[in-house]
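Fold and geometry: a report
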Amino acid sequence: MPHIPAYERDPRLTRLETEVVDAGEDQGRPFVALADTVLYPEGGGQPPDHGTVGGVAVVDVQKAEGGIRHYLAGPPPSGRVTVELDWARRFDHMQQHTAQHLLTAVADGRFGWHTTAFHLGEHLSDIELDTPGIGPGKLTELEDMVAAEIRAARPVAARRVGPEEYAGLAVRSRGLPEGHTGDIRLVEIQGVDLNTCGGTHVGSTAELEALKLLGTESVRGGTRLFYAAGVRLRRLHAAHHERNAELRGLLGTSDDELVARTASKLEQLKDAERAVRDLEEELAVASAEALSARPGPVVTAHWPRRGLPFLQRVAKETARLAPDRVVLLTSGQGEEGSFLLVAGEEAALDVPVAGRRVAELLGGRGGGSGRIFQGKASKLSRRAEAATLLGSGA
Ligand SMILES: [Zn+2]
């Protein structure tokens, strides 16, 4: 590996002819190390690049044992290879990462808030600031100031300096790794920020296109500030716009009325659910009364669209009204569904034994204790046979 890898020499290089210098397996993951690479290894909050080596997909890139491991989705190639960069993914990372530099610099310069952490997420990115809260007015001001720096198209450039030059520079963060020796890599947003960083960056703040702040949350005495920039921001907006269009269609209203309309629909739904519960209760009691009025020691009933809780309610009420009866209740459409067997206090039936026979007959399984046995069935058409079985004193 040259002293400065290709991804650092030229962050826009997407393709490189090079050589495999090492290959192996790390916990079942095949990897190669290359003489040089355009693929950035995870570090400094920036995720690893994706791409291919010799046509094999690279799924992860990590610094390890003084080199860079390219973890592969297939068997490692050898000899001369072409390493290619997934540019869309990388450019997104360059935009989110450079946006972080700018956001951090403006938050520090204008408000004195220091960035204590950075996270480049799959959907949103965030920085953590050492301030307990940010009011909406300050959020707007911060975003407006960042937008002004984007419009100013400030050049962004990286360079390496020796320790002596470094000591004399006004560098924002002096977070060098412990025991660091030799050159230090600096990234400068002209007129705004000078910082140490090993990541990849766009060439001008204009390439950020735009940065939108997307809310905050409290974290360990500080504030996490979410944002999106660049292509990702446009995609995000497109997704929101499409979703809103769908919601407008579904709810038959305008953007302005979406929230109020949704809230009122949810209120209606709650009322409807309450009404269904009341009706189900009435139906359960009426069904129990009708069942207990029927002749014979075994009574049965079936409902296509009621669940087990309803069967339990009917069973309990029937056993109370007619304690000498055995009741078999089923629900379901076609062959699949539920069954429930209950015997009243005065009915002479070994419920667990009879329950297992009924379960077997109905092609299902179940369990119970005392006077109730319930379960799933897969042959509900046999429920009349089950009733006959129970009638014979099974
Ligand atoms: Zn950086």
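Conventions and cut-offs
Residues numbered from 1 in each chain as written. Predicted model: local features only at pLDDT ≥ 70, side-chain atom pairs only at ≥ 80, totals over all residues. Heavy atoms only, no water. Helix = DSSP H or I, 4+ residues; strand = E, 2+ residues; numbered from the N terminus. Rg over C-alpha atoms; globule rule 2.2 N^0.38 Å. Buried < 20%, exposed > 50% of the residue type's maximum accessible area, 1.4 Å probe, protein only. Areas by Shrake-Rupley, 256 points an atom, 1.4 Å probe, with all protein chains shown as cover. Lys, Arg positive; Asp, Glu negative; His and termini not counted. Charge placed at Lys NZ, Arg CZ, Asp CG, Glu CD. Donors = N, O, S within 2.8 Å, 3.2 Å for Na, K, Ca; no water. Tetrahedral: all angles 85-135°; square planar, octahedral: opposite > 155°, others 65-115°. Axes fitted to C-alpha atoms, helices over the stretch in contact; angles between N-to-C directions. Parallel < 35°, antiparallel > 145°, perpendicular 65-115°, else oblique. Left-handed = near helix turned anticlockwise from the far one by under 90°. Contact = heavy atoms within 4.5 Å. Expected span 1.5 Å × (residues − 1). Arc of directions from axis to C-beta. Polar contact = N/O pair within 3.5 Å; in protein donor to acceptor, adjacent residues only side chain to side chain. Pairing = 2+ DSSP bridges. Salt bridge = Lys/Arg side-chain N within 4 Å of Asp/Glu carboxyl O.

1. Structural notes on the overall build of the protein chain
- Within the protein chain, the secondary structure is distributed over 9 helices and 18 strands.
- Taken over the C-alpha trace, the protein chain has a radius of gyration of 34 Å; the compact-globule value for 394 residues is 21 Å, which it surpasses by more than 25%.
- The principal-axis extents of the C-alpha atoms in the protein chain amount to approximately 100 × 55 × 40 Å.
- Looking at the protein chain residue by residue over its 394 residues, the buried ones come to 42%.
- By element, 52% of the accessible surface of the protein chain is carried by carbon and sulfur atoms, the whole surface being about 20400 Å².
- On the protein chain, the mean spot of the 46 positive side-chain charges and the mean spot of the 55 negative ones are 5 Å from each other.

2. A word on the coordination of the zinc ion
- At this site the zinc ion is bound by His 97 (NE2), His 101 (NE2), Cys 197 (SG) and His 201 (NE2), with donor distances of 1.9 to 2.2 Å.
- Bound by 4 donor atoms, the zinc ion shows angles of 101 to 121° at the metal and therefore tetrahedral coordination geometry.
- Along the chain, the residues donating to the zinc ion fall in the pattern H-x3-H-x95-C-x3-H. One end of the pair, His 97, is in helix 2 (residues 87-111); the other, His 201, is in the loop between strand 11 (193-196) and strand 12 (211-219), and 104 residues separate them in sequence.

3. Focus: the packing of helix 8 (residues 351-361) against helix 9 (residues 383-391)
- Their axes nearest at 10 Å, the elements helix 8 and helix 9 cross at an angle of 155°. When the interaxial angle is binned, helix 8 and helix 9 end up roughly antiparallel. Two packed elements cross with a definite hand, and for helix 8 against helix 9 that hand is right-handed. In this structure, helix 8 uses Ala 354, Arg 357, Val 358 and Leu 361 to contact helix 9, whose residues at the interface are Glu 385, Ala 386, Leu 389 and Leu 390.

4. Details of helix 3 (residues 136-151)
- Over its 16 residues, helix 3 runs 23 Å from end to end, which matches the ideal 22 Å to within 8%, given 1.5 Å per residue.
- Within helix 3, the full set of buried residues consists of Leu 139, Leu 142, Glu 143, Val 146, Glu 149 and Ile 150. Buried residues in helix 3, looked at end-on, bunch into an arc of 120°, giving them a common side. What points out from helix 3, more than 90 degrees from its buried face, is the exposed set Gly 137 and Arg 151.

5. Quick notes on the side chain of Arg 224
- Tracing the chain through its elements places Arg 224 in strand 13 (residues 222-229).
- Looking at Arg 224, its side chain comes within polar contact range of the side chain of Glu 128, at 3.0 Å.

6. Let's talk about the sheet that holds strand 5 (residues 67-72)
- Sheet architecture is closed into a barrel: 6 strands sit in the order 1-2-5-4-3-6, paired in antiparallel fashion. Recorded for the sheet is a direction-independent mean angle of 50° between the axes of neighbouring strands.
- Two elements, strand 3 (residues 51-53) and strand 4 (residues 56-64), share 3 bridges in a ladder whose sense is antiparallel. Note on strand 4: the bridge partner recorded for Gly 51 is Val 58.

7. Topic: the pattern of salt bridges
- Tallied over the entire structure, the rule returns 30 salt bridges.
- For Glu 209, the salt bridge identified is with Arg 234, shortest N-O distance 2.8 Å. Pair noted here: Glu 209 is in the loop between strand 11 and strand 12 and Arg 234 is in helix 5 (residues 230-251), with a separation of 25 residues, a long-range link.
- Assessed through its relative accessible area of 36%, Glu 209 is described here as partly exposed.
- Here Asp 271 and Arg 274 are joined by a salt bridge, their closest N and O atoms 3.1 Å apart. In this pair, Asp 271 and Arg 274 are both assigned in helix 6 (residues 258-292), 3 residues apart and thus about one turn of the helix distant.
- Assessed through its relative accessible area of 40%, Asp 271 is described here as partly exposed.
- Look at Arg 274 and you get partly exposed, because its relative accessible area is 40%.
- A single salt-bridge network, built from bridges that share partners, covers Asp 126, Glu 128, Glu 217, Arg 220 and Arg 224.

8. Quick word on the environment of Val 327
- Turning to its location among the elements, Val 327 is positioned in strand 15 (residues 326-331).
- Among the residues examined, Val 327 registers a relative accessible area of 1% and is labelled buried.
- When the C-alpha atoms of Val 327 and Ala 315 are compared, they prove to be 6.9 Å apart, with 12 residues separating the residues in sequence.
- Other than its neighbours up to four places away in sequence, Val 327 contacts Leu 291, Val 299, Thr 318, Leu 340, Leu 341 and Val 342.

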